[in-house]
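Architecture and fold: a report
Below are the chains, spelled out letter by letter.
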Amino acid sequence: MAEITLQDIIQPENLVYEKSKLLTEKPFHYCPGCGHGTVHRIIAEVLEELGVDDRTIGVSPVGCAVMAYDYFDVDFVEAAHGRAPACATGIKRVWPDKVVFSYQGDGDLAAIGTCETIHTCNRGENITMIFVNNGIYGMTGGQMAPTTLVGMKTATTPYGRMPQWPDGTPNNGFPLQITQLLAQLPGTRYVTRQAVFSAAAVRNCKKAIKKAFQNQIENKNGVNFVEIVSNCNSNWKMSAVDANKWLQDNMLPVYPLGDLKDNFELIKK
Amino acid sequence: MGELKLMKGNEALAEAAIRCGADAYFGYPITPQSEVIEYLSEQNPYERTGMVVLQAESELAAINMVYAAGAAGKRVMTSSSSPGVCLKQEGLAYIAGAEVPCVFADVVRGGPGLGTIQPSQADYFQNTKGGGNGDYRNIVLAPASVQEMADFVPLGFELAFKYRMAVCILSDGAIGQMMEKVVLPEQKARLTEEEIKAKYPWALTGRKRGTQHRVITSLDLDSARMEEHNRHLQRKYDEVTKNEVRYEMIDCDDAEYVFVAYGSSARIAQKSVQLGRAEGLKVGLLRPITLWPYPTQAIRNLIDKGVKGFLSVELSCGQMIEDVLLACNGRAKAEHFGRVGGIIHTPEEVLEAMKKQIIGE
Ligand SMILES: Cc1ncc(C[n+]2csc(CCOP(=O)(O)OP(=O)(O)O)c2C)c(N)n1
Ligand code: SF4
Ligand SMILES: [Mg+2]
């Protein structure tokens, strides 16, 4: 029997998976195992499948994903720290037929940009908001984020996040469940929390992101909001594998996965 | 010939925005310029021309809406007053770095801080020297009448798109609130998507298949490229300085002493010139219309022609005087005079200051 060579295997009929055409050739600068890369890939696949690459405008944040514009082969504007929702509002209002999405981390969306986040959601802008929650400030070297878990060690909570001192005096405050808060606002159409730590999670996340874009394309109003609970293995100081395990054991109890709101209706749990 | 109307400065600015085919206004209320957004809302421009008017949650949000909508090739503007303009500095720095065209009006009130709602010209530094971070400039137009409040909106958009930068209409509470006759231009159509794509290939309109995607950003971590970007910005600013200086001279032909004043102070100083001339004093007025780029050469030419001294008249403790002094470079005397806190100087006290501080005995 003739030996099977690599060339025999690399054939179009054997192709089961390839890089989305909407990702550029630029190598990701993300740490290996970081969720940002996976989320980028999902967004690119969805935009490609929906065939809207020629009318999509993305808004990148300040955070590890600041240069997201280098990786997506669609038009992009880079926002100031926290202002991506305002930028997305500005674009969508003047170009209502374009597909507009913002991409933000937890510091960007839920600390410095909380005001823009809440009001954009409350106005019911017809946009898609992607929120990557890794519980930490990745880009600046691992300081506390509003979403940092109680007890979690960061560069600015070296002894663990402590909401209050033992005598009750306020200290670091509590993990901010911004997604629950946004689900309460009448302007949000679809609010969901997803993850990308496993193949199954990635599949669910892709469905959610696709829906968040489809909703925008089919409707005139209502924010479509997708939180992705993700890891920052570098600043959590863990291997990527350990980080994904830690995420499931510690992040998900505080940030449980699933839809919070669909078609403007809160989902009763 | 346009339409003659009696209007407030703020209303004229708003009406001019609709008529020149602006695509959007994003703003946040603050005295003494809330009439801008109130007038726009009342006029329902969404139905008149399709122009978007949005009351944002803050000046910070408003300027970032302007930044991105401008990056998307649209003619967008905002307006505010001093404390609000502080909040806009973040966006203005991004707008400068990313080279986004836009127009913003600052109807200045007294400061620092919450200050007063009365007219002031104490934000000259903030608007002409920057206020956000980095080596950048904004073109600054200083209207001295309700007519100019209207005229500078289309002019502002023209310059903003010509140079891809922010244009500030630096007004004050007096010009914003006063009513005067104004001739309004004919309604112009807003640009279509095809026109925007043809005129502004850099604009984010969704990348055409088979072409390079566009990115509007102020970030570049490569030092060599970032240095070149900064040099490019400076070359652009040099070009603006060469082409766009605007000013007006009144009674300067034979003048020995010249008031330098812009906006509402220029209106007052103009009267001081009349009073001085009636007394036989050879006084004139130089009114900068662009505060950046500054009419430095105009001042130098006056010195060459024999002007011995300048009085910079501003509703501030002395800001524009620094540019007058730079222009004089020691070759002529220059001093500041101005009332603050919401008090507006009278033509008589301005003339008196000229006599005491500049002309001498
Ligand atoms: C106005 C301003 N303040 C602070 C910073 C510094 N900074 C850059 S990214 C960042 C935090 C980003 O964290 P997050 O949004 O969670 O994104 P991640 O990197 O974790 O994805 C901070 C504080 C900045 N660039 N601009
Ligand atoms: S620092 Fe954290 S968030 Fe940033 S790329 Fe690395 S793992 Fe991802
Ligand atoms: Mg983060």
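Values in this document were obtained by computation on a predicted structure and should not be read as measured data. (Residues numbered from 1 in each chain as written. Chains lettered and ligands numbered in written order. Predicted model: local features only at pLDDT ≥ 70, side-chain atom pairs only at ≥ 80, totals over all residues. Heavy atoms only, no water.)

The gaps left among the atoms become clear once a water-sized probe is rolled over them. Residue and element names in this part refer to chain B. Under the definition given, this model contains 1 cavity of 30 Å³ or more. One number sums up the size of the largest cavity: a volume of about 40 Å³. Around the largest cavity sit V108, S120, Q121, P143, L170, S171, D172, Y262 and G263, which together line it. Taken together, the residues that form the lining of the largest cavity break down as 4 nonpolar, 4 polar and 1 charged. (1 Å grid on protein atoms, 1.4 Å probe; cavity = no way out; pocket = protein on both sides within 12 Å on 5 of 7 lines; lining within 4 Å. Points joined across faces, edges and corners; volume = space filled by probe spheres on them. Nonpolar A, V, L, I, M, F, W, Y, C, P; charged D, E, K, R; others polar.)

This paragraph deals with the site of ligand 1. Residue and element names in this part refer to chain A. Within the structure, ligand 1 sits among 16 residues, and H36, C64, D106, D108 and G138 are positioned closest to it. Take D106: an N or O atom from its side chain is 2.3 Å from an oxygen atom of ligand 1. A distance of 2.8 Å separates an oxygen atom of ligand 1 from a polar backbone atom of G138. For ligand 1, whose unbound accessible area comes to 590 Å², protein coverage reaches 75%. Classifying every residue of the shell around ligand 1 by side-chain character gives 6 nonpolar, 8 polar and 2 charged. (Near = heavy atom within 4 Å. Polar contact = N/O pair within 3.5 Å; in protein donor to acceptor, adjacent residues only side chain to side chain. Areas by Shrake-Rupley, 256 points an atom, 1.4 Å probe, with all protein chains shown as cover.)

This next bit is on the coordination of the magnesium ion (ligand 3). Bound to the magnesium ion (ligand 3) are the protein donor atoms D106 of chain A (OD), N134 of chain A (OD1) and I136 of chain A (O), situated 2.1 to 2.3 Å from the metal. When its relative accessible area of 1% is taken as the criterion, I136 of chain A is described as buried. (Donors = N, O, S within 2.8 Å, 3.2 Å for Na, K, Ca; no water. Buried < 20%, exposed > 50% of the residue type's maximum accessible area, 1.4 Å probe, protein only.)

Once that is clear, we can look at the pattern of salt bridges. Applying the stated rule across the entire model yields 44 salt bridges over all chains. For the salt bridge of E49 of chain A with K210 of chain A, the shortest nitrogen-to-oxygen distance reads 2.8 Å. Taken as a pair, E49 of chain A in helix α2 (residues 35-50) and K210 of chain A in helix α7 (residues 199-218) lie far apart in primary sequence, 161 residues in all. Among the residues examined, E49 of chain A registers a relative accessible area of 43% and is labelled partly exposed. When the shortest N-O distance is used, the salt bridge between E239 of chain B and K242 of chain B registers 3.6 Å. Note that E239 of chain B and K242 of chain B are positioned in helix α10 (residues 223-243) at a spacing of 3 residues, about one turn of the helix. (Salt bridge = Lys/Arg side-chain N within 4 Å of Asp/Glu carboxyl O. Helix = DSSP H or I, 4+ residues; strand = E, 2+ residues; numbered from the N terminus.)

Once that is clear, we can look at the packing of helix α12 (residues 296-304) of chain B against helix α13 (residues 321-328) of chain B. Residues and elements named next belong to chain B. Orientation of α12 relative to α13, taken along the N-to-C sense of each, is 50 degrees, at an axis distance of 8 Å. Here α12 lies oblique to α13, going by the angle between them. As α12 packs across α13, the resulting crossing turns out to be right-handed. Contact residues: α12 offers T296, I299, R300 and I303, while α13 offers V324, L326, A327 and C328. Split by residue class, the contact of α12 with α13 holds 6 nonpolar, 1 polar and 1 charged. (Axes fitted to C-alpha atoms, helices over the stretch in contact; angles between N-to-C directions. Parallel < 35°, antiparallel > 145°, perpendicular 65-115°, else oblique. Left-handed = near helix turned anticlockwise from the far one by under 90°. Contact = heavy atoms within 4.5 Å.)

Turning next to the site of ligand 2. Residue and element names in this part refer to chain A. Every residue lining ligand 2 is accounted for by Y30, C31, C34, H36, C64, N134, G138, C232, N233, S234 and N235. If one sorts the elements of the shell around ligand 2 by residue count, helix α8 (residues 233-236) sits on top with 3 residues. Across the shell around ligand 2, the residue classes tally to 5 nonpolar, 6 polar and no charged.

One pass over the structure, following the stated rule, counts 15 aromatic pairs over all chains. Between F101 of chain A and F213 of chain A the ring centres are 5.5 Å apart and the planes differ by 75 degrees, which places this aromatic pair in the edge-to-face class. One end of the pair, F101 of chain A, is in strand β3 (residues 99-105); the other, F213 of chain A, is in helix α7, and 112 residues separate them in sequence. Ring geometry for F131 of chain A and F225 of chain A: centres 5.9 Å apart, planes at 45 degrees, overall tilted. On the criterion of sequence distance, the pair formed by F131 of chain A in strand β4 (residues 128-133) and F225 of chain A in strand β8 (residues 223-229) is long-range, its members being 94 residues apart. A residue is classified by how much of its surface remains accessible, and F225 of chain A, at 0% relative accessible area, is buried. Directly above the aromatic system of Y190 of chain A lies the positively charged group of K211 of chain A, at a separation of 4.8 Å from the ring centroid. Of note, K74 of chain B hangs over the ring of W95 of chain A, and the distance from its end group to the ring centre comes to 4.0 Å. (Phe/Tyr/Trp six-rings, centres within 6.5 Å; stacked < 30°, edge-to-face > 60°. Lys NZ or Arg CZ within 6 Å of the ring centre and 35° of its normal.)

With 35 residues of chain B at the interface, the matching set in chain A holds 38 residues. A per-residue breakdown of the area chain B buries against chain A is headed by E57, R207 and H213 of chain B, which together make up 21% of the total. Taken together, the connections running from chain B to chain A amount to 8 salt bridges. Its salt-bridge partner being R123 of chain A, residue E57 of chain B comes within 2.8 Å of it at the nearest N-O pair. For the pair chain B and chain A, the interface holds 21 residue pairs in polar contact (both at pLDDT 80 or more). Elements with a minimum of two residues in the side of chain B that touches chain A: β2 (24-27), β3 (52-55), α4 (59-71), α5 (82-98), α9 (193-199) and β9 (215-216) of chain B. Here the element with the most residues in the side of chain B that touches chain A is α4 of chain B; it accounts for 8 residues. Taken together, the residues of the side of chain B that touches chain A sort by class into 21 nonpolar, 6 polar and 8 charged. (Buried area = accessible area lost by both parts, 1.4 Å probe.)

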